[in-house]
Amino acid sequence: MSSHTQAPVKRITAPEITARKGKEPLVVLTAYSAPMAEILDDHCDVLLVGDSVGMVVHGLPNTIGVTLDMMVLHGKAVMRGSKRAFVVVDMPFGSYEAGPEQAFQNAVTLLKETGAQAVKVESGPTVAATIAYLVCRGIAVMGHVGLRPQAVNVDGGFRAKGRNQSERDKVMQEALASDAAGAFAIVVEGVAADLAGEITDMVKVPTIGIGASNACDGQVLVVDDMLGLFDWSPKFVRRYADLRGEIATAAAQYAKDVRARSFPAPEETYFAK
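These notes cover the structure that comes with them. These numbers come from a predicted model, not from an experiment. (Residues numbered from 1 in each chain as written. Predicted model: local features only at pLDDT ≥ 70, side-chain atom pairs only at ≥ 80, totals over all residues. Heavy atoms only, no water.)

**Quick word on the overall build of the protein**
For the protein, the count of helices and strands is 11 helices and eight strands. Counting only C-alpha atoms, the protein reaches 75 × 55 × 35 Å along its principal axes. Among the 273 residues that make up the protein, the fraction classed as buried is 49%. Considering only residue pairs separated by 6 or more positions, the protein has 58% of its internal contacts joining residues 24 or more positions apart. Carbon together with sulfur atoms contributes 58% to the accessible area of the protein, which is approximately 14,300 Å² in total. Here the protein holds 27 positive side-chain charges and 31 negative ones, and the gap between their average locations is 2 Å. (Helix = DSSP H or I, 4+ residues; strand = E, 2+ residues; numbered from the N terminus. Buried < 20%, exposed > 50% of the residue type's maximum accessible area, 1.4 Å probe, protein only. Contact = heavy atoms within 4.5 Å. Areas by Shrake-Rupley, 256 points an atom, 1.4 Å probe, with all protein chains shown as cover. Lys, Arg positive; Asp, Glu negative; His and termini not counted. Charge placed at Lys NZ, Arg CZ, Asp CG, Glu CD.)

**Some remarks on the packing of aromatic side chains**
According to the stated counting rule, one finds three aromatic pairs in the structure shown. Where phenylalanine 104 meets tyrosine 133, the ring centres are 6.4 Å apart and the plane angle is 80°; that geometry is what we call edge-to-face. On the criterion of sequence distance, the pair formed by phenylalanine 104 in helix α5 (residues 100-114) and tyrosine 133 in helix α6 (residues 127-135) is long-range, its members being 29 residues apart. The exposure class assigned to phenylalanine 104 is partly exposed, which follows from its relative accessible area of 21%. (Phe/Tyr/Trp six-rings, centres within 6.5 Å; stacked < 30°, edge-to-face > 60°.)

**A short note on the side chain of aspartate 225**
Turning to its location among the elements, aspartate 225 is positioned in helix α10 (residues 223-226). Despite its burial, aspartate 225 remains without a salt bridge, the nearest opposite charge being carried by arginine 239 at 6.5 Å. Excluding residues within four positions of it along the chain, aspartate 225 makes contact with Phe230, Ser233, Pro234, Val237 and Arg239. (Salt bridge = Lys/Arg side-chain N within 4 Å of Asp/Glu carboxyl O.)

**Some words on the sheet that holds strand β6 (residues 185-189)**
Taken in spatial order, the eight strands close into a barrel running β1-β2-β3-β4-β5-β6-β7-β8, and their pairing is parallel. Strand-to-strand twist across the sheet, computed as the mean angle between neighbouring axes with direction ignored, equals 25°. In this fold helix α8 (residues 165-181) packs onto β5 (140-146) and β6, with an angle of close to 175° to the strand it touches most, β5. (Pairing = 2+ DSSP bridges. Axes fitted to C-alpha atoms, helices over the stretch in contact; angles between N-to-C directions.)

**Points about the nonpolar core**
Core analysis: the biggest nonpolar cluster contains 55 residues, and Leu47, Val119, Val188 and Ile199 have the highest contact counts within it. The dominant element in this core, judged by the number of residues it contributes, is helix α4 (residues 68-81), at five residues. If we skip the residues at most four places from it in the chain, valine 188 touches Val145, Ile199, Thr207, Ile208, Gly209, Ile210, Ala212 and Cys216. Within the second largest apolar cluster, 17 residues are counted, among which are Leu26, Phe184, Ala185 and Val187. (Core = buried A, V, L, I, M, F, W, Y, C linked by side-chain atoms within 4.5 Å.)

**Points about the packing of α6 against α8**
Here α6 crosses α8 at 15°, and the two axes come no closer than 8 Å. Classified by the angle their axes make, α6 and α8 are roughly parallel. The two elements α6 and α8 cross, and the hand of that crossing is right-handed. Judged by residue contacts, Ala128, Ile131, Ala132 and Val135 of α6 engage Ala177, Ser178 and Ala181 from α8. Per-class residue counts for the contact of α6 with α8 are six nonpolar, one polar and no charged. (Parallel < 35°, antiparallel > 145°, perpendicular 65-115°, else oblique. Left-handed = near helix turned anticlockwise from the far one by under 90°. Nonpolar A, V, L, I, M, F, W, Y, C, P; charged D, E, K, R; others polar.)

**Digging into unusual backbone geometry**
Apart from glycine, the bulk of residues carry a negative phi angle, and the bulk of peptide bonds sit in the trans form. At the junction of phenylalanine 263 and proline 264, the peptide bond is cis and its omega measures out at 0° in the coordinates. In this structure, proline 264 sits in the segment after α11 (243-259). In this structure, arginine 261 is a non-glycine residue whose phi angle is positive, near 60°.

**Quick look at the pairing of β5**
Each regular strand shows side chains that alternate between the opposite faces of the sheet. Summarising burial for β5: six of the seven residues are buried, a large majority. As paired elements, strand β4 (residues 118-120) and β5 share three bridges and run parallel to each other. Within β5, the position partnered with valine 119 by the bridge is valine 141. Between the parallel elements β4 and β5, the chain passes through α6 in a crossover that is right-handed. Here β5 pairs with β6 via five bridges, running parallel. For methionine 142, the partnering residue across the bridge sits in β6 and is alanine 185. (Right-handed = clockwise from strand over helix to strand, strands pointing away.)

**Comments concerning the pattern of salt bridges**
Counted by the stated rule, this structure contains eight salt bridges. Across the pair aspartate 194 and arginine 168 runs a salt bridge, and its minimum N-O distance is 3.2 Å. Of this pair, aspartate 194 sits in helix α9 (residues 193-202) while arginine 168 is found in helix α8, placing the two residues 26 residues apart along the sequence. Exposure remark for aspartate 194: the relative accessible area of 44% places this residue in the partly exposed category. Taking the relative accessible area as the measure of exposure, arginine 168 reaches 14% and is therefore buried. In this structure, lysine 204 engages aspartate 179 in a salt bridge whose closest nitrogen and oxygen atoms are separated by 3.5 Å. Within this pair, whereas lysine 204 is found in the loop between α9 and β7 (207-210), its partner aspartate 179 is found in helix α8, the two being separated by 25 residues in sequence. Exposure remark for aspartate 179: the relative accessible area of 8% places this residue in the buried category. What you see here is one network of salt bridges that share partners, running through Arg20, Glu24 and Asp45.

Keep in mind these values describe shape, not function.
Following this line, the structure appears as structure tokens:
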């Protein structure tokens, strides 16, 4: 038996993500638990611990109620379950909008307590300055433009962006500002296809689309949507499985077996020696 220990798996880094601009598309999925992170790790370049966890796991109506503690909890779980994927944790609503100093303290908390490699912030008039402040202090930041789930109360719902000129200009400006501020990648959500292509052409870093066409440098989906765990999903989601149906079928069979006393069977039962 060799005396050499096996080398640990090296995680993908932020510079490696940035270097994928215009090359093989980046594969990104959300993850919120250790078992799911372990399953996805071999297939994804990036695992995003999204604040979508509030809706997907905790049953909240939107992401506004997500707390820093929730993101820490799920970030820790994803880091435990993964080995090679680059892990990004969303900064939740209220954790960075007050200014760069607030954002820095909360980003430090997220990274120190979870061990994740980067944070993600949604765009806005003041966010580029915050990105620059974080990056120059050693924090890798992923930007997010277009449809902003944390702005649901301002927008009156989840609406696609970039369908008129003023919106197009705003989204483009925010993307360019995030790029110039030092974001290593930018999520582009819910925008018209031609605008997604223009943004991808204009910024130096990779764009990761969600409802933003295949013109982007990569794609992200909420894993529960992709796996068909909900009875409804947005237009931009392709379901690669119907786990909701499979789980319901399995639960129904389990219930039938329990009521018929056919489970547990002798092979699933302990007996005295």
